[in-house]
Amino acid sequence: MTAQFPVKWPLGIDVLRSQLAAIADDRLFAYQQPFIDKLGPSFTLDMLGATGYTTMDPMNLEAMLSTRFEDFGMGFRRQALLPFIGEGIFVQDSTAWKHSRELLRRPFLKNHYQDLKGFGEHVESLIAGLSSSSGVVDLQPFFFRFTLATTTALIFGQSVNDLEEAQQTFAKDFNYASMISTLRMRLQDFYWAYNPSRYRAACSGVKEFANVFVKQALQEKNRTGPNSDRYAFIQDLYDEMQDPVLVRDQLVNVLLAGRDTTACLLSWTFFLLVRHTSALDRLRSEIRSIMGDERELTRTHVQKMSYLKYVLNETLRLYPSVPINFRIAQKTTWLPRGGGSDGNAPVLVRRGGGVGFLAYYLHRRKDLYGDDAHEFRPERWEGPELANIGWGYIPFHGGPRLCLGKDFALMEASCAVVRIIQTFPNIRLPPDYPVVPTGQEKQTLTVFLSSADGCKVLLD
Ligand code: HEM
C-alpha cells in the first residue's frame, strides 16, 4: 500500500496547521524532512477532503511531465492565478498552451541576449550598485532588482529600472500579488475564499503597468530606424494574437516565471559560495584563467567555464527555484510506481486527482545523490557520478513544458556571477555569521524559494 502521511484531525487540519506554522517560522522544508525520510519517495496525504498523491520518484516524474504529459494539467493553478497573470502560458493546458508555447518560443530564440550583450548594461548597473555599498551588504535585493531589469528589458523592450518611481509601485504591486496568489494556490479548490481588495488593486496595477508598454510598442509598430526592434517581443506576439489584452497577459506570465527564479538562484549561489571557500577559490581561478583581463563575457567563455556550470547545477539541486509543484489528472490515468505492498506497483490517479512533486526533496535523496546529498559539493557534477541522474534532477522540469527561459536564466546568472567575482575577488562571509547545514537556514517559500535572511557578504 502507498505510504500515508500521518494525519490526526479531520480534513488533515492538524497537518495544514503545522505546515502553516512552519512556513511562518521560515522552516517548512526542514520541518517536513524527517517525515519525508520516513515515508519514502511516494505517499498520499488526506487534506481538505481530497486525497493528494505526492511523489519524488524519477519514474513517476518522467511519466507525468513527459510520457503521459497529456493526462495532466494545471487544475486549480489556473483559477488561483487568473486575476494576477490572466490568460497566459503559465495557467494554460492543451491547445491553448501549445499555441502560447509556440508564440513565446520564437522571440526567445531571436532575442538580442543570444550574444550576452543584452545583459551587459544591467550587469554593470548591478556592479555599480554593489560598488557604492559598504560594510555588510545583502546581495539578495540587488539580485531581485537585477532580474527585474533583465526580464523587463527582454519583454517590454525597456528595463523598468529606468523608470524609478513607476518601477517601485510596480515592484510592490507585483510582489504583493505574487504573495497572495501563492496563498490562494495553497488553499487549492478553496482559492476563491481569499480575494482581498488590496490583492485586486495590486493585480490591476500590474496589468496597467504592462499595458503602457503594449501601447507604446503598438504605436511604434512599422517604424524603422535605430531601436526599431526594441519592442520586438511584444510586436511579434501581437502579430499572432491581434489582441493587446492577451499580449499583455503573456508578458506578465513571463515576468512571473523569469524574475524571482533567477534572483533566487543568484542569491543561493553566493550564499553557498561564501560558506564554501574552496569552491569559491576554484571558481575564482577558473574565471581568472579563462577571462584574463577581459570584462565582457561571451558564450564561448561560458562554455569553457565547467566549474561555474557545476556550481550553478549544485545550487539548483539544493535550492531549486521552484521547489514544489503539482499537476491535476485531466482523465483517470496511472503512474508507473508507488503502489502495491512494496511500492513498486503502478498507482491509479483518478480524474481530478492531484499529484504533488517536490524537487526540493527529490534533489536531496540519499539513494540518488549519496550520503552527502545535503552537502554543497559542485564536484559531484564533474565525473560520471551523476551521468544517469535523468529525472532525478528537475530544476527546470522537463518534457514539453521544460522551462522556456532556461538558457536565458543560466546565461544571465553566469554573467552576474563572473562579473561579481572579478570585481570583488575578496567577497566573503562576514565574521560571526552563522554556517549551518544546508536546509537548516531560514527559507522563504512563495511559489519560489529564497533565503529568509538574504545573502549577507563583505565585498572589499
Ligand atoms: C534559475 C531560473 C529559472 C528556473 C529554475 C526556472 C524553472 C522553471 C520551471 C520549473 C518551470 C516549469 C513550471 C511548470 O511547468 O509548472 C518553468 C517554466 C517556465 N519558465 Fe522558467 N525558470 C527559470 C527562469 C526563467 C526565465 C528567466 C524565464 C523567462 C525570461 C522563464 C520562463 C519560463 C516560462 C515562460 C515557463 C512556462 C513554460 C511552459 O509552461 O511551457 N524561466 N521554469
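Residues numbered from 1 in each chain as written. Predicted model: local features only at pLDDT ≥ 70, side-chain atom pairs only at ≥ 80, totals over all residues.

Naming follows an unreviewed UniProt entry, where the chain appears as Cytochrome P450 of Imshaugia aleurites. The UniProt entry for the chain carries this comment under Cofactor (unreviewed entry): "heme". (UniProt positions renumbered as here; feature names shortened; annotations may be inferred.)

A closer look at the overall build of the chain
When you go through the chain residue by residue, the secondary structure sums to 17 helices and twelve strands. Against the compact-globule benchmark of 23 Å for 460 residues, the chain has a radius of gyration of 22 Å, which places it among compact chains. With respect to the three principal axes, the spread of C-alpha positions in the chain is 65 × 55 × 40 Å. A total of 460 residues make up the chain; the buried ones form 41% of that total. (Helix = DSSP H or I, 4+ residues; strand = E, 2+ residues; numbered from the N terminus. Rg over C-alpha atoms; globule rule 2.2 N^0.38 Å. Buried ≥ 20, exposed ≤ 12 C-beta atoms within 10 Å, placed from the backbone.)

Notes on the nonpolar core
Formed by 123 residues in total, the largest nonpolar core has its most connected members in Val206 and Ala416. In terms of residue count, the dominant contributor to this core is helix α11 (residues 244-273) (16 residues). Ala416 has contacts with Val123, Leu126, Phe146 and Leu266, leaving out every residue within four places of it along the chain. (Core = buried A, V, L, I, M, F, W, Y, C linked by C-beta atoms within 7 Å. Contact = placed C-beta atoms within 7 Å.)

Some details on the packing of helix α6 (residues 117-131) against helix α7 (residues 139-156)
Remark: α6 packs on α7, axes separated minimally by 10 Å, with the N-to-C direction vectors making an angle of 160°. Comparing the axis directions of α6 and α7 gives the class roughly antiparallel. Seen along the crossing, α6 lies across α7 with a hand that is right-handed. On the side of α6, the interface is formed by Gly118, Phe119, His122, Ser125, Leu126, Gly129 and Leu130, while α7 contributes Phe142, Phe146, Ala149, Thr150 and Ala153. Classifying every residue of the contact of α6 with α7 gives seven nonpolar, five polar and no charged. (Axes fitted to C-alpha atoms, helices over the stretch in contact; angles between N-to-C directions. Parallel < 35°, antiparallel > 145°, perpendicular 65-115°, else oblique. Left-handed = near helix turned anticlockwise from the far one by under 90°. Nonpolar A, V, L, I, M, F, W, Y, C, P; charged D, E, K, R; others polar.)

Notes on the pairing of strand β2 (residues 42-47)
Here two bridges tie strand β1 (residues 3-4) to β2, and the two strands are oriented parallel to one another. Considered in β2, the bridge of Ala3 is made with Phe43. (Pairing = 2+ DSSP bridges.)

Focus: helix α1 (residues 13-24)
The end-to-end C-alpha separation of α1 is 16 Å, in line with the 16 Å expected for twelve residues at 1.5 Å each. Just downstream of α1, Asp26 is the residue with a positive phi angle, here 60°. (Expected span 1.5 Å × (residues − 1).)

Examining the environment of Ser178
Structurally, Ser178 is set in helix α8 (residues 164-186). Residue class for Ser178 comes out buried when judged on the 21 C-beta atoms lying within 10 Å of it. With near-sequence residues (within four places) excluded, Ser178 lies in contact with Leu256 and Thr446.

Structural notes on the environment of Asp46
Along the chain, the position of Asp46 falls in strand β2. Take Asp46: there are 15 C-beta atoms within 10 Å of it, and that puts it in the partly exposed class. Taking C-alpha positions, Asp46 is 8.9 Å from Pro10, a pair spaced 36 residues apart along the chain. Aside from chain neighbours lying at most four places away, what touches Asp46 is Val7, Gly12 and Thr51.

Some details on the site of the ligand
Around the ligand sit 24 residues, and of these Ala257, Gly258, Thr261, Cys403 and Gly405 come closest. For the shell around the ligand, the secondary-structure elements that each account for two or more residues are α5 (94-110), α7, α11 and α17 (406-423). Top element by residues in the shell around the ligand is α11. It accounts for six residues. Across the shell around the ligand, the residue classes tally to 14 nonpolar, eight polar and two charged. (Near = placed C-beta within 6 Å.)

Side note on the pairing of strand β7 (residues 333-339)
By the bridge criterion, four bridges tie β7 to strand β8 (residues 345-349) in an arrangement that is antiparallel. Each residue of the ladder has a partner; that of Thr333, found in β8, is Val349. Linking β7 to β8, which pair antiparallel, is a turn of five residues; within it Gly340 sits at a positive phi near 75°.

Describing the sheet that holds strand β9 (residues 354-358)
On the basis of which strands lie adjacent, the open sheet formed by six strands has the order β1-β2-β3-β9-β6-β4 and mixed pairing. Strand pairing shows two members of the sheet lacking a second neighbour, β1 and β4 (72-73), which therefore form its edges.

Regarding helix α3 (residues 58-67)
Most of α3 is tucked away, with seven of its ten residues classed as buried. Among the residues of α3, Met59, Asn60, Leu61, Glu62, Ala63, Met64 and Leu65 are the ones counted as buried. If you follow the buried residues of α3, they end up packed against β2, β3 (50-55), β4, β6 (324-329), β7 and β9.

A look at the packing of helix α9 (residues 197-219) against helix α10 (residues 232-241)
Following both chains from N to C, one finds α9 and α10 inclined at 80°, their axes separated by 9 Å at the closest point. Considered as vectors, α9 and α10 are oriented roughly perpendicular to each other. For the pair α9 and α10, contact is made by Phe213, Val214, Ala217 and Leu218 and by Ile234, Gln235 and Tyr238, respectively. By residue class, the composition of the contact of α9 with α10 is six nonpolar, one polar and no charged.

With respect to unusual backbone geometry
For Leu11, which is not a glycine, the phi torsion comes out positive at approximately 60°. Positive phi, close to 70°, is recorded for Asp432, a residue that is not glycine. With respect to the secondary-structure elements, Asp432 resides in the loop between α17 and β10 (443-445).

With respect to the environment of Arg295
With respect to the helices, strands and loops of the structure, Arg295 is situated in the loop between α12 (277-291) and α13 (299-304). Sequence separation of Arg295 and Leu266 is 29 residues, and the distance between their C-alpha atoms is 19 Å.

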